[in-house]
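# Commentary on secondary and tertiary structure
Residue-level listing of the chains:
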Amino acid sequence: TADDSKIAAITPNGLIKIWSADGKTLQTINTKLPKADFLAFSPDGQTLLSVHFTTFMQGNDEETLAKYFLWNTSTGKLLREFDDYFNLEKSPKHFV
């Protein structure tokens, strides 16, 4: 978090772990997704953004789709999910 009170990491099997600065486990979130490519806390530390990139074939071209997930850091609950195809005014920076 911005004040270094929380730290987050994701395991290769999709578990997000959140710890306090003193090493106490605060939350474990099972995303049921492969590893995240990016994690970021909201300024108040109450929400965590995880970004997951998926590569797939579109005809003969390889395409990459980014999926965004917002998690409540206290409850571990998924708050919102969206992908590359959302409108610009709904950019993740407006949610975190």
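Scroll up a little and you will see the structure.
Thresholds, definitions, all that
Per chain, residues are indexed from 1 in the order of the written sequence. Since the coordinates come from a predicted model, pLDDT governs what is reported: local features require at least 70, and pairs of side-chain atoms require 80 or more to be given and counted, while whole-chain, interface and lining totals use all residues. As a rule here, side-chain values cover all heavy atoms of the structure and leave hydrogens and water aside. Centres within 6.5 Å are what make two rings of Phe, Tyr or Trp a pair, Trp counting through its six-membered ring; a difference in plane orientation under 30 degrees is then read as stacked, over 60 as edge-to-face, and the rest as tilted. Where helices and strands are cited, they refer to DSSP runs of H or I of at least four residues and of E of at least two residues respectively, numbered from the N terminus. When accessible area is computed with a 1.4 Å probe and restricted to protein chains, residues below 20% of their type maximum are described as buried, those above 50% as exposed, and intermediate ones as partly exposed. Two strands qualify as a pair provided that DSSP identifies no fewer than 2 bridges between them. Here, axes are lines fitted to C-alpha atoms. For helices the fit covers the stretch in contact, and angles between N-to-C directions go from 0 to 180 degrees. Only buried Ala, Val, Leu, Ile, Met, Phe, Trp, Tyr and Cys residues count toward a nonpolar core, and they belong to the same one when joined by side-chain atoms within 4.5 Å. Whether two residues are in contact is decided by their heavy atoms, any of which lying within 4.5 Å being enough.

The next thing to look at is the packing of aromatic side chains. Taken as a whole, this structure holds 2 aromatic pairs when the rule is applied. A centroid spacing of 5.5 Å and a plane angle of 20° characterise the contact between Tyr 68 and Phe 82, whose relative ring orientation is stacked. Of this pair, Tyr 68 sits in strand β6 (residues 61–72) while Phe 82 is found in strand β7 (residues 78–83), placing the two residues 14 residues apart along the sequence. Like Tyr 68, the residue Phe 82 is buried in the burial classification. Ring geometry for Phe 69 and Trp 71: centres 6.1 Å apart, planes at 25°, overall stacked. Take Phe 69 and Trp 71: they sit in the same class, and that class is buried.

In this section: the sheet that holds strand β5 (residues 47–58). On the basis of which strands lie adjacent, the open sheet formed by 4 strands has the order β4-β5-β6-β7 and antiparallel pairing. Every interior strand has two partners, whereas the edge strands, β4 (38–41) and β7, have only one. Ignoring which end each strand starts from, the neighbouring axes of this sheet average 20° apart. Strand direction decides the pairing type here: β4 and β5, joined by 4 bridges, are antiparallel. Among the inter-strand pairings, Leu 39 is bridged to a residue of β5, identified as Ser 50.

Now for the nonpolar core. Judged by nonpolar contacts, Ile 16, Ile 18, Ile 29, Phe 41, Leu 48, Phe 69 and Trp 71 together constitute the single largest core of 7 residues. Elements with a minimum of two residues in this core: β2 (15–20) and β6. If we skip the residues at most four places from it in the chain, Leu 48 touches Ala 8, Ile 16, Ile 18, Leu 39, Ala 40, Phe 41, Phe 69, Leu 70, Trp 71 and Thr 73. In terms of nonpolar packing, the next biggest core, distinct from the first, is built from 6 residues, Val 51, Tyr 68, Leu 70 and Phe 82 among them.

Everything listed here is a matter of coordinates, which is why it stays silent on function.
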